[in-house]
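What follows is the residue order along each chain.
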Amino acid sequence: MQKNSNYSLPHGGSVELSYDGEFVHIESKIADLPKDGLPRLNVCTQTGKRLCLGSFGKHNGEMHLGKSYPVSYFEANDIFIDDISHFYVSDVDIRNEKERVGEDLDSINSGNNTADEALERAKNILNSLPGESYWHEEAKITRKRINSLFDNSFTVEFPEIKDFSWIEINDIRNTFELSILEHIVFNEFFVRAFVKSGKWYFGKSASDGFYAVCIYCNINDPNPMVNALDCVNEYCDNAKGVRQIVVGIGIFDDGQYFYKIKD
């Protein structure tokens, strides 16, 4: 059964959610463009669960996010469609976001005593917001965690892609809690390619902070990396009827970026 819902965002903008029983489809737009970085869309439930759905991209003067997620990914994070309360955008302007939540708290405190649940939810949002050094430190921790995984895993090499080692990933939910990875993986075309092959690959360069994603798809299927087409490398194996699609991912102290790997 198809279910459609619409939500408004605190900073302006909207979220359209459609649910077909297997996938959750999200279309979201915000008009205000941040000076630095890409804002993230987050979903919250009435029971206080929260999940980052990835980063917006710039398109025609707006920030846009359009993705499809397996229902199993939502439910694995205790997010259930009927329990969703609201969406919000983070990393646009942390100071203003905290001020906004603070204003909400003042407004709730000046109201009646029936707003206890809203007060608690606002406090949770405020406490969950990162500080100014949040990503700088998280980037270091993330790189260390990923590098450690490579040190303790069996790696493979692809002759088409030089100076990278790769590990095979058999779980589409394993995105290392990186919103930039989720921006690629939780997309309808990537999911379809994964369902057919049962795996994708995460790569690490010899240069610190440079990583990559690789997945195979049938030669006539749509490109599964539709959210990062400008940074795609594509290698065809006509004999086997498959394409190897690769996108570079940079995890640096000032943010997460797509880049195109040089042949």
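Refer to the preceding data block for the structure.
Residues numbered from 1 in each chain as written. Predicted model: local features only at pLDDT ≥ 70, side-chain atom pairs only at ≥ 80, totals over all residues. Heavy atoms only, no water.

### Remarks on the pattern of salt bridges
Here is step 1 of the chain: Within the structure shown, the criterion is met by 8 salt bridges.
Here is step 2 of the chain: For Asp-78, the salt bridge is made with Lys-49, and the minimal N-O distance between the two is 3.8 Å. One end of the pair, Asp-78, is in the loop between helix H1 (71–76) and strand S8 (84–90); the other, Lys-49, is in the loop between strand S4 (40–45) and strand S5 (50–55), with 29 residues separating them in the sequence.
Here is step 3 of the chain: Residue classification places Asp-78 among the partly exposed residues on the basis of a relative accessible area of 37%.
Here is step 4 of the chain: Judged by its relative accessible area of 37%, Lys-49 is partly exposed.
Here is step 5 of the chain: A salt bridge links Lys-199 to Glu-168; the shortest N-O distance between them is 4.0 Å. Here Lys-199 is found in the loop between helix H6 (188–197) and strand S10 (200–205), whereas its partner Glu-168 is found in strand S9 (residues 164–169), with 31 residues between them in sequence.
Here is step 6 of the chain: Each of Arg-143, Asp-208 and Asp-253 takes part in salt bridges that share partners, so that together they form one network. (Salt bridge = Lys/Arg side-chain N within 4 Å of Asp/Glu carboxyl O. Helix = DSSP H or I, 4+ residues; strand = E, 2+ residues; numbered from the N terminus. Buried < 20%, exposed > 50% of the residue type's maximum accessible area, 1.4 Å probe, protein only.)

### Here we look at the sheet that holds S8
Here is step 1 of the chain: Strand order in the open sheet formed by 3 strands is S5-S4-S8, and the pairing between neighbours is antiparallel. The open sheet has two edge strands, S5 and S8, and neither has a second partner. Pairs of neighbouring strands in the sheet enclose a mean axial angle of 25 degrees, with direction left out of account.
Here is step 2 of the chain: Pairing geometry for S4 and S5, over 4 bridges, is antiparallel. Bridge assignment links Asn-42 to a residue of S5, and that residue is Cys-52. (Pairing = 2+ DSSP bridges. Axes fitted to C-alpha atoms, helices over the stretch in contact; angles between N-to-C directions.)

### Considering the packing of aromatic side chains
Here is step 1 of the chain: On inspection of all chains with the given rule, the structure shows 15 aromatic pairs.
Here is step 2 of the chain: Relative to Phe-202, the ring of Phe-150 lies with its centre 6.2 Å away and its plane at 45 degrees, an arrangement referred to as tilted. Taken together, the residues span a long stretch of sequence, with Phe-150 in helix H4 (residues 134–151) and Phe-202 in strand S10 at a distance of 52 residues. Each of the two residues, Phe-150 as well as Phe-202, counts as buried.
Here is step 3 of the chain: Feature note: the residues Phe-150, Phe-190, Trp-200, Phe-202 and Tyr-211 constitute an aromatic cluster, connected by ring pairs.
Here is step 4 of the chain: Its end group placed over the ring of Phe-150, Lys-204 keeps NZ or CZ at 6.0 Å from the ring centre. (Phe/Tyr/Trp six-rings, centres within 6.5 Å; stacked < 30°, edge-to-face > 60°. Lys NZ or Arg CZ within 6 Å of the ring centre and 35° of its normal.)

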